[in-house]
Amino acid sequence: MPSTAGQTPAGSAAPTRKSGPPAGGNPAAAQVDGKNADAVSEAAALTMCLVDTDTDISDYDAMLRTAPLLDRDYLAKLRAEQPRPVQGGDWAELAGHHAYTTATAHLSPEMGQPPDNALEAYRGWIVDVTTQGRDGWRGEPQTVVVFVFLRRDAADQPWRIVELRQG
């Protein structure tokens, strides 16, 4: 899925969002077991890959939907990012089809992450993303690797994401 994070098409008026959840879902808004690093990281990995051109301005909105799972400092950093002009027509093409994505994720422990300890955990997810338009159009399926670094203040506290990125 080509990233257009925080971008609006060059030369166009600022688009507006329609209200409502994305058609592909919003796992970060669901009841997630905050004490389970797999559950927290999977919800974030899926959420960042679920975009809907009818409710989102760009895929940056999907990143913002991960907010309930993020550490407050990381969320502040994410919110401080500024939109940039699109260097291509990927989002415009998707929007032309009123497209949205669906995704499935598979934990990939073979990515070489360090072992967990009581306060830090790393997860690697393989996310299979399918794009479909409300007009019947279908995009090429894509596979995205998502790396998640989680931290918590104490072993009895919920995990919070301190870094989330596509590899």
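Student: Any chance you could break down helix α1 (residues 37-49) for me, citing the residues and the numbers?
Tutor: Note that an α-helix has 3.6 residues per turn; residues three or four places apart therefore point the same way. If you check α1, its first and last C-alpha atoms are 19 Å apart, about what 13 residues at 1.5 Å a residue would give, namely 18 Å. Across the 13 residues that make up α1, a large majority, 10, are buried. Among all positions in α1, only Ala37, Val40, Ser41, Ala43, Ala44, Ala45, Leu46, Thr47, Met48 and Cys49 are buried. Buried positions along α1 lie against α2 (60-64), β3 (99-107), β4 (120-133), β5 (142-151) and β6 (160-166). Where α1 begins, one side-chain oxygen reaches toward the backbone nitrogen of Asp38, 2.9 Å away; that side chain belongs to Asn36.

Student: Any chance you could break down the side chain of Gln132 for me, citing the residues and the numbers?
Tutor: By the secondary structure assignment, Gln132 is in strand β4. One polar contact links Gln132 to Arg138, side chain to side chain, over a distance of 3.2 Å. Ignoring anything within four residues of it in the chain, the contact list for Gln132 reads His98, Ala99, Tyr100, Thr101, Thr102, Trp137 and Arg138.

Student: Describe the sheet that holds β4, naming the residues involved and giving the relevant values.
Tutor: Reading across from one edge, β3-β4-β5-β6 is the order of the four strands in this open sheet, with antiparallel pairing throughout. Of all strands in the sheet, those bounded by a partner on one side alone are β3 and β6. Across the sheet, the axes of successive neighbouring strands diverge by a mean angle of 30°, strand direction being ignored. Note: β3 against β4, nine bridges, orientation antiparallel. Following the sheet pairing, Ala103 is matched in β4 by Val129.

Conventions adopted
- Residues numbered from 1 in each chain as written.
- Predicted model: local features only at pLDDT ≥ 70, side-chain atom pairs only at ≥ 80, totals over all residues.
- Heavy atoms only, no water.
- Helix = DSSP H or I, 4+ residues; strand = E, 2+ residues; numbered from the N terminus.
- Expected span 1.5 Å × (residues − 1).
- Buried < 20%, exposed > 50% of the residue type's maximum accessible area, 1.4 Å probe, protein only.
- Contact = heavy atoms within 4.5 Å.
- Polar contact = N/O pair within 3.5 Å; in protein donor to acceptor, adjacent residues only side chain to side chain.
- Pairing = 2+ DSSP bridges.
- Axes fitted to C-alpha atoms, helices over the stretch in contact; angles between N-to-C directions.

In short, shape yes, function no, at least from these values alone.
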